[in-house]
Amino acid sequence: MHMWRRRLILILTLIAAVEIVALGIRGFLAETLITPLLYLVWGAVRIFESIPQGIIWLTFVLAASIIALVSVWGGRRNDAQHADADAPRGRVYEWQRLVALAQRHDYSRWRMAQRLMLLLAETMAARERVELRVARQRIATGMIDAPQDVINFLRAGADSYRPRRSIFLQRGESALDVDLDQVIAAVERLARGENRE
């Protein structure tokens, strides 16, 4: 029984302490936050009421017009960008992209050598009615009528990519360092089945 009274006194003391703290917080919040906020709202309402209604409506109409124009103009630009991004991309686009990248990166030059070698092998295989493996072997062994640097470039596409080992290597020290226009002209001529003059 004695223990029960102690617990009851302890609980009542805690409840009283919490209530005192809560009252103090309420008074503190009322003085530091709620009262200034109410003054601020009251002041904003008074200022708003002092502005002539014509100016308020004019501002509202101008803001709505600007938002409408921006959304229409921005929407058209975004639609055009999405149309460009979503446009179907075929082989021509991929070749253009590869040629542009090949002007800057060794890896892209190797990818171009790989793609050109495959394109030439497919064309030769279809024209000469041989297996693709045989046409690829002819290109890799140099049994085509093309300059040696073009053959070396196409051979590099048949091999796996090997990055340059040293930062001191200069242009011209790799089979990939050949004039791309010369390679493309030779591949076009070979694809048509023409010999060098």
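Residues numbered from 1 in each chain as written. Predicted model: local features only at pLDDT ≥ 70, side-chain atom pairs only at ≥ 80, totals over all residues. Heavy atoms only, no water.

S.K.: Any chance you could explain the overall build of the chain here in plain terms?
M.R.: When helices and strands are tallied, the chain shows 7 helices and 0 strands. The helix and strand sequence of the chain, counted from the amino end, reads α-α-α-α-α-α-α. For the chain, with 197 residues in total, the buried portion stands at 18%. Considering only residue pairs separated by 6 or more positions, the chain has 53% of its internal contacts joining residues 24 or more positions apart. Roughly 15200 Å² of accessible area belongs to the chain as shown, and the carbon and sulfur atoms make up 63% of that amount. (Helix = DSSP H or I, 4+ residues; strand = E, 2+ residues; numbered from the N terminus. Buried < 20%, exposed > 50% of the residue type's maximum accessible area, 1.4 Å probe, protein only. Contact = heavy atoms within 4.5 Å. Areas by Shrake-Rupley, 256 points an atom, 1.4 Å probe, with all protein chains shown as cover.)

S.K.: In this structure, what is going on with the packing of aromatic side chains? I would like to understand it.
M.R.: Any pair of aromatic rings gets described here by the distance separating the centres and the angle formed by the planes. Following the criterion strictly, the structure yields 2 aromatic pairs and no others. An angle of 90° between the planes, with centres 5.9 Å apart, marks the rings of tryptophan 57 and phenylalanine 60 as edge-to-face. Taken together, the positions of tryptophan 57 and phenylalanine 60, both in helix α2 (residues 53-86) and 3 residues apart, correspond to about one turn of that helix. You'll find tryptophan 57 and phenylalanine 60 in the same group, each marked exposed. Ring plane angle 40° and centroid distance 5.6 Å describe the contact between tyrosine 107 and tryptophan 110, whose orientation is recorded as tilted. Placement of both tyrosine 107 and tryptophan 110 in helix α4 (residues 106-128) is noted, with a separation of 3 residues, approximately one turn of the helix. (Phe/Tyr/Trp six-rings, centres within 6.5 Å; stacked < 30°, edge-to-face > 60°.)

S.K.: In this structure, what is going on with the nonpolar core? I would like to understand it.
M.R.: Side chains that are nonpolar tend, in soluble globular proteins, to be buried together. Counting 28 residues, the largest nonpolar core has Leu116, Leu120, Ile139, Ile144, Phe153, Leu154 and Val183 as its most contacted members. Among the elements of the structure, α3 (91-102), α4, α5 (132-140), α6 (148-158) and α7 (180-191) are those that each provide at least two residues to this core. If you tally residues by element for this core, the top one is α4, at 9 residues. Not counting the four nearest positions on each side in its chain, leucine 120 is found in contact with Ile139, Ile144, Leu154, Val187, Leu190 and Ala191. (Core = buried A, V, L, I, M, F, W, Y, C linked by side-chain atoms within 4.5 Å.)

S.K.: Is there a simple way to explain the packing of α6 against α7 in this structure?
M.R.: Each pair of packed helices gets described by two things: the angle between the helix axes and the distance between those axes. At their nearest, the axes of α6 and α7 sit 10 Å apart, and the two run at 90° to each other. Between α6 and α7, the angle falls in the class roughly perpendicular. Mapping the contact onto sequence places Asp149, Val150, Phe153 and Leu154 in α6 and Leu180, Gln182, Val183, Ala186 and Val187 in α7. Here the contact of α6 with α7 is built from residues that sort into 7 nonpolar, 1 polar and 1 charged. (Axes fitted to C-alpha atoms, helices over the stretch in contact; angles between N-to-C directions. Parallel < 35°, antiparallel > 145°, perpendicular 65-115°, else oblique. Nonpolar A, V, L, I, M, F, W, Y, C, P; charged D, E, K, R; others polar.)

S.K.: Looking at this structure, how should I read the pattern of salt bridges?
M.R.: Oppositely charged side chains can pair when the atoms bearing their charge come close. Tallying each qualifying case throughout the model produces 4 salt bridges. Residue glutamate 128 pairs with arginine 127 through a salt bridge whose shortest N-O separation is 3.5 Å. Judged by its relative accessible area of 32%, glutamate 128 is partly exposed. A salt bridge links arginine 138 to glutamate 128, with the nearest nitrogen and oxygen atoms 2.0 Å apart. Here arginine 138 is found in helix α5, whereas its partner glutamate 128 is found in helix α4, with 10 residues between them in sequence. Linked through salt bridges whose partners overlap, the residues forming this network are Arg127, Glu128 and Arg138. (Salt bridge = Lys/Arg side-chain N within 4 Å of Asp/Glu carboxyl O.)

S.K.: Is there a simple way to explain a nonpolar patch on the surface in this structure?
M.R.: A surface patch of nonpolar side chains, amounting to about 540 Å² of accessible area, comprises Trp4, Leu8, Ile11, Leu12 and Ile15. Take isoleucine 11: it is sitting in helix α1 (residues 2-50). (Patch = residues over 30% accessible without salt bridge, like charges linked within 9 Å, V, L, I, M, F, W, Y side chains within 5 Å.)

S.K.: Can you walk me through the packing of α4 against α5 in this structure?
M.R.: Taken N-terminus to C-terminus, the directions of α4 and α5 make an angle of 120°; their axes are 8 Å apart at the nearest point. Considering their axes alone, α4 and α5 lie oblique with respect to each other. The way α4 lies across α5 gives a crossing that is right-handed. Contacts between α4 and α5 pair Met117, Leu118, Leu120, Ala121, Glu122, Met124, Ala125 and Glu128 from the former with Leu132, Ala135, Arg136, Arg138, Ile139 and Ala140 from the latter. Classifying every residue of the contact of α4 with α5 gives 10 nonpolar, no polar and 4 charged. (Left-handed = near helix turned anticlockwise from the far one by under 90°.)

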